[in-house]
Amino acid sequence: MLKQLKEDIQAVFARDPAARNTLEVLTTYPGIHALIMHRFAHELWKKDCKGSARLLSSFSRFATGIEIHPGAKIGKRFFIDHGMGVVIGETAEIGDDVTLYHGVTLGGTTWNKGKRHPTLEDGVIVGAGAKILGPFTVGKNSKIGSNAVVTKEVPPNTTAVGSAARFITKDKPKDEEERLRDYAESIGFQPYAATQDQSDPVLDGMRVLLDRIQHNEKRMNTLCQRLSLLDPTFKKQQLKEQPFSQEELKIIEDVRRECEAQSQQSKA
């Protein structure tokens with residue numbers, strides 16, 4: 001137990017530049033206090049002293065603002081920075097060298113008994129306010145962005161951002177990158193962390209708006225053409241009644257060129 005505590009303290013020095021000495025870490029870091037009490041509570045839980053374990057866990061939550069169920073399994077050199085609002089569920093499993101920031105939730109999505117909380121493998125970093133919900137695995141050395149909501153398995157060496165989280169994977173195959181780039185150019189929008197198996201809601205919204213604008217433009221052009229057939233002086237009358245300033249004409253010309261460029265890209 002003392003050896004494990006020494007490793008936990010060394011982890012604080014390795015990951016928090018504000019840490020100055022061992023006494024300060026032991027007396028002022030709620031993450032260390034919660035971890036020490038969890039180690040004892042977990043041993044009580046394994047020895048079937050579940051009432052005592054829950055009581056110690058509740059006191060730890062009251063004292064530190066960090067709630068760790070005594071049934072959760074936590075590895076070596078675990079570090080909770082700041083810590084307020086962290087919640088770790090009963091069946092959660094945390095590997096070695098994992099870092100959590102304040103407001104993180106390792107929760108479940110079902111009331112069924114059994115495994116219902118996530119497993120974090122070695123080296124995972126979870127940003128402030130992130131929610132990882134469900135009985136899946138977050139792979140080694142992955143990073144979860146602040147306020148991300150993760151509800152499915154995260155591959156190793158991957159960054160997950162957003163709500164619902166999208167994955168940014170290093171060393172992505174070149175053909176996949178080219179496909180995403182061509183798709184972005186075809187709709188005039190640069191996607192961020194868009195993947196094939198999970199759409200980006202912002203990207204979907206922009207695509208719908210662009211499609212709608214193009215559809216309305218076609219209808220307006222058709223209407224103008226038909227009015228011109230009925231009255232050849234229609235266009236001249238409109239210009240005389242509503243003359244445009246030079247600045248307005250420049251904006252209209254820029255919009256026209258942009259629409260033509262997008263139409264050509266769509267056809268290509």
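For the protein, an unreviewed UniProt entry supplies the name Serine acetyltransferase and the organism Acinetobacter equi. We quote the UniProt Catalytic activity (unreviewed entry) comment for the protein here in full: "L-serine + acetyl-CoA = O-acetyl-L-serine + CoA". Its UniProt record gives the protein a comment under Sequence similarities (unreviewed entry), which states: "Belongs to the transferase hexapeptide repeat family."

1. Some thoughts on helix H3 (residues 30-46)
Its 17 residues give H3 an end-to-end C-alpha distance of 24 Å, which sits within 8% of 24 Å, the value for a rise of 1.5 Å per residue. Residues of H3 that are buried: Gly 31, Ile 32, Ala 34, Leu 35, Met 37, His 38, Arg 39, Ala 41, His 42 and Trp 45. Where the residues of H3 are buried, they touch helix H1 (2-15), helix H2 (22-28), helix H4 (50-64), strand E1 (67-68), strand E2 (73-74) and strand E3 (79-80). Remark: Asp 48 follows H3 within two positions and exhibits a positive phi of approximately 70 degrees.

2. Comments concerning the sheet that holds strand E11 (residues 137-138)
Strand order in the open sheet formed by four strands is E2-E5-E8-E11, and the pairing between neighbours is parallel. The sheet terminates laterally at E2 and E11, the two strands that pair on one side only. Sheet topology note: the E2/strand E5 (residues 93-94) ladder contains two bridges and is parallel. Each residue of the ladder has a partner; that of Lys 73, found in E5, is Glu 93.

3. A look at the confidence of the model for the protein
When pLDDT is averaged along the protein, the result is 81, and 77% of the positions lie at 70 or above. Confidence drops under pLDDT 50 across residues 187-198; counting only partners more than four residues distant or on other chains, this segment forms 28 contacts.

4. As for a nonpolar patch on the surface
A cluster of nonpolar side chains, contributed by Leu 223, Leu 227 and Leu 230, occupies part of the molecular surface with about 320 Å² of accessible area. Mapped onto the fold, Leu 223 is located in helix H6 (residues 201-230).

5. Section: the nonpolar core
Among the nonpolar cores identified, the biggest contains 30 residues, and Ile 88, Leu 100 and Ile 144 are the most heavily contacted of them. Filtering out sequence-adjacent residues up to four positions away, Leu 100 remains in contact with Phe 78, Phe 79, Ile 80, Asp 81, Val 86, Ile 88, Leu 106, Leu 120 and Val 126.

6. Considering the packing of H3 against H4
The contact between H3 and H4 brings their axes to 8 Å, and the two run at 175 degrees. Looking at the two axes, H3 sits roughly antiparallel to H4. The segment H3 lies against H4, with Pro 30, His 33, Ala 34, Met 37, Phe 40, Ala 41, Leu 44 and Trp 45 engaging Lys 50, Ser 52, Ala 53, Arg 54, Leu 56, Phe 59, Ser 60 and Thr 64. By residue class, the composition of the contact of H3 with H4 is ten nonpolar, four polar and two charged.

Rules used in this analysis
Residues numbered from 1 in each chain as written. Predicted model: local features only at pLDDT ≥ 70, side-chain atom pairs only at ≥ 80, totals over all residues. Heavy atoms only, no water. UniProt positions renumbered as here; feature names shortened; annotations may be inferred. Helix = DSSP H or I, 4+ residues; strand = E, 2+ residues; numbered from the N terminus. Expected span 1.5 Å × (residues − 1). Buried < 20%, exposed > 50% of the residue type's maximum accessible area, 1.4 Å probe, protein only. Contact = heavy atoms within 4.5 Å. Pairing = 2+ DSSP bridges. pLDDT = per-residue confidence, 0-100. Patch = residues over 30% accessible without salt bridge, like charges linked within 9 Å, V, L, I, M, F, W, Y side chains within 5 Å. Areas by Shrake-Rupley, 256 points an atom, 1.4 Å probe, with all protein chains shown as cover. Salt bridge = Lys/Arg side-chain N within 4 Å of Asp/Glu carboxyl O. Core = buried A, V, L, I, M, F, W, Y, C linked by side-chain atoms within 4.5 Å. Axes fitted to C-alpha atoms, helices over the stretch in contact; angles between N-to-C directions. Parallel < 35°, antiparallel > 145°, perpendicular 65-115°, else oblique. Nonpolar A, V, L, I, M, F, W, Y, C, P; charged D, E, K, R; others polar.

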